[in-house]
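Given next are the chains, with one letter for each unit.
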Amino acid sequence: MGFKSLFSRKKKSSPDVAAAHPDVAATHPAASAAHPAAASAHSRTPSFHSRAQIAELDQVFKKFDVNGDGKISSSELGAIMSSLGQPSSDEELNSMISEVDSDGDGFINFKEFVELNTKGVDSAEALENLKDAFSVYDIDGNGSISAEELYEVLRSLGDECSIDECRQMIGGVDSDGDGMISFEEFKVMMMTGSRYIDPASEGMKCGSTMAASKMLMASFTAFRPLTCAASASYPARLAPHPPDLIKWVRREGGFVHEAVKIAQDSSFGLGLVASEEIPKGSELIVLPEHVPLRFGSIESDGGDGVDSVLDDLARLVPEELWAMKLGLKLLQERAKTGSFWWPYISSLPETFNIPIFFPGEDIKNLQYAPLLYQVNKRCRFLLDFEKEVKHALENLKPNDHPFGGQSVDASSLGWAMSAVSSRAFRLYGKKLRGGNYDIPMMLPLIDMCNHSFNPNAAIVQDQDNRNMKMLVKVLFYCCFFNVIPEFSIGIAVEDLLIEILLSIQVVAETEIKENDGLALNYGCLNNDLFLLDYGFVIPSNPYDSIELKYDGALLDAASMAAGVSSPNFNAPSPWQKEILCQLKLDGEAPLLKVCLGGSELVEGRLLAALRVVLADDIETVQKQDLNKLKSMSAEAPLGIANELAVFRTVIALCVIALGHFPTKIMEDESLLSKGVSDSTELAIQFRIQKKSAIIDVMRNLTRRVKLLASKETATAQG
Ligand SMILES: C[S@@+](CC[C@H](N)C(=O)[O-])C[C@H]1O[C@@H](n2cnc3c(N)ncnc32)[C@H](O)[C@@H]1O
């Protein structure tokens, strides 16, 4: 696309500004004092261009003229071309400028700019331009633009028009009266502007002209601030009326099952629902490979032409905050006028109710130190990263600015990081030369699926539509996060590059009933991760756990409270220390974090340590394999008395852990019943679930203790 094709221009009839609009100079300072050439040109020829048109051209001109000096330089043009997804070489930029630069000063002034947009063009090129412009509005690709399509596109670009206004715009050019604009009508409208306009009706003329210029320029004038509003009623989207994502995916060559619809899904925000029964195994959504939004590619591991500033910033993001890296790309696309992904991005939530955005009081309301630590760490990172980003953006040439000249702050970075952490998928594979790679990506529409541990849909990355069929098939049952999918067959080295080219599908795992939501499993995660990354808490989450520090003094206290005489966690004997080292609970760089709850109930390393330290003699322990000592299903491997001491110690640990929460579950529930803010509610739900997880561990172990105790009694009696 060349400079000219940024604007599909009307054929010149009397192309000038000033006769009809003597006030142009007043509306654009650059067109008068600073640019006498423009001022004098105003008096030459009459024009049919309305004030509204000139005002719009003026807006577009200002968008190009980043430094506001009243002329568009080659670098300013380059920046806007890049932001429209059309990076151009210096040579191309110079040639575009010279095409238009009638006074030969190497810049485009406002007069030249107006001329560019009003004079005639070579018809083949004009036709191509018109086709491009038409296809933007013909969302369903059926060859005509309906009022709804016009409405959708203009609204998605931030134009607050009503559907009636769109009908009026269409009425102004709809020569066959079918209520739609065909390409022929579109062409006539663009080339002649006033052919179907009642000359007596200035209003209609203006409407039609507005339609033409709006349709062409909306994409260039829409400014998308990168702010993150403090609050909005969920699920407010970035654009008040985002375009229909299903139509967009289909238009991009993807497939969406005809019974799949976007709808409000109970309290989970928007979701995908089945409008009729869908049989098991049906393809639900197929995304072509150009639709996912990702940061880098397999070859460069992070640079697919993304400009170097973005790359440098991404390098400053620690690995565990990978969502921020892709977030930078998302923010760049959000800021980019004419971004390919705008229909998707405009439908993303405007705000995220996750702890980094909670008021300080609600962060405290979480009452759980490991999560408070994570939240504070993320907040600190965002504040530090804001400084790094601001510094990196200082004094950048417009061409090099990754966010279209907009400043970026901690809240916009937080928005991007949250959008990614709550919606991105990580695809796993192997690198060409060993090691693993994963490619976090945002999958438009697929990410409208909500979460369930009993999903009715699954993601499959598949090699379809290509002749190298089924070289690689990766099943993603737990696709959102840290669960490594299975490769159904081995991958040869030459296949690896193919992997990221695969189309991505969602298939029905079970029969889906009418009105059922389509649910994916985001992963077998605890509530800390669900809250931190997604902003929700799952009641009775079977994977929820609590984190403790393996600490000798704490364990001695717990053991004594459990009635164990003289425990020696604080001073284990050398043979016990040796095993603790193997368990990474002692020695160099120990991993002291251990968990209770979840599917393991007592984390294997902690269980083995308790069994070993509470064991009487080295011989009994040495007879056992370490893996057996780590297993809950190995029944009392070191004897019933040892197992009883272990379980009672863990129960006492649970009591100590519960004591760290300042409120009891009953108090929490009573607070909830009084009605609190969304973030307070989430924080309270979270701490209730944490306490419930601890109580579940205690209940389970108490049952086991009773069983063991009765066995012990039976043995003693027998
Ligand atoms: C990948 S998006 C799914 C689409 C989302 N509901 C929307 O309105 O765009 C993930 C977000 O959906 C919501 N969500 C998904 N599954 C949920 C669940 N089981 N419980 C509560 N909220 C859920 C959360 O807000 C989460 O951050």
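As annotated in an unreviewed UniProt entry, the protein is SET domain-containing protein from Malus domestica.

Enquirer: Which residues make up the sheet that holds strand E20 (residues 601-602), and what values go with them?
Expert: Read across the sheet, three strands follow the order E18-E19-E20 without closing on themselves; strand pairing throughout is antiparallel. Every interior strand has two partners, whereas the edge strands, strand E18 (545-549) and E20, have only one. Bridge count for E18 against strand E19 (residues 593-597) is five bridges, and the pairing is antiparallel. Looking across to E19, one finds that Leu-548 is bridged to Val-594.

Enquirer: Break down the site of the ligand for me, citing the residues and quoting the values.
Expert: The local shell around the ligand holds 15 residues, among which Arg-237, Phe-268, Leu-270, Asn-450 and Tyr-534 are the closest. For the ligand, a nitrogen atom lies 2.8 Å from a polar atom in the side chain of Asn-450. His-451 places a main-chain nitrogen or oxygen 2.9 Å from a nitrogen atom of the ligand. Those elements that provide at least two residues to the shell around the ligand are helix H18 (410-423) and strand E12 (450-451). In the shell around the ligand, the residues fall into eight nonpolar, four polar and three charged.

Enquirer: Got a sec to walk through the pattern of salt bridges? Specific residues and values, please.
Expert: Between side chains of opposite charge, a pair can form when the charged atoms approach closely. Across all of its chains, the model carries 21 salt bridges by this definition. Linking Glu-289 and Arg-294 is a salt bridge whose minimum nitrogen-to-oxygen distance equals 3.7 Å. Measuring nitrogen to oxygen at the nearest pair gives 2.8 Å for the salt bridge that ties Glu-320 to Lys-377. Linking Glu-320 in the loop between helix H13 (308-315) and helix H14 (322-335) with Lys-377 in helix H17 (residues 369-393), this pair joins segments that are 57 residues apart in sequence. Residue Glu-320 is classed as partly exposed on the basis of its relative accessible area of 47%. For Lys-377, a relative accessible area of 27% translates into the label partly exposed. A single salt-bridge network, built from bridges that share partners, covers Glu-148, Asp-164 and Arg-167.

Enquirer: Give me the lowdown on the packing of aromatic side chains, citing residues and values where you can.
Expert: Applying the stated criterion across every chain yields a total of 13 aromatic pairs. Here Tyr-368 and Phe-661 contribute two aromatic rings whose centre-to-centre distance is 6.4 Å and whose plane-to-plane angle is 5°, an arrangement assigned as stacked. With Tyr-368 in the loop between helix H16 (360-364) and H17 and Phe-661 in the loop between helix H26 (640-659) and helix H27 (665-674), this residue pair connects regions lying 293 residues apart in the sequence. The aromatic ring of Phe-107 is capped on one face by Lys-71, whose charged end is 4.2 Å from the ring centroid. Here Arg-334 stacks its cationic end above the ring of Trp-415, 4.4 Å away from the centre of that ring.

What counts, and where the lines are drawn
- Residues numbered from 1 in each chain as written.
- Predicted model: local features only at pLDDT ≥ 70, side-chain atom pairs only at ≥ 80, totals over all residues.
- Heavy atoms only, no water.
- Pairing = 2+ DSSP bridges.
- Helix = DSSP H or I, 4+ residues; strand = E, 2+ residues; numbered from the N terminus.
- Near = heavy atom within 4 Å.
- Polar contact = N/O pair within 3.5 Å; in protein donor to acceptor, adjacent residues only side chain to side chain.
- Nonpolar A, V, L, I, M, F, W, Y, C, P; charged D, E, K, R; others polar.
- Salt bridge = Lys/Arg side-chain N within 4 Å of Asp/Glu carboxyl O.
- Buried < 20%, exposed > 50% of the residue type's maximum accessible area, 1.4 Å probe, protein only.
- Phe/Tyr/Trp six-rings, centres within 6.5 Å; stacked < 30°, edge-to-face > 60°.
- Lys NZ or Arg CZ within 6 Å of the ring centre and 35° of its normal.

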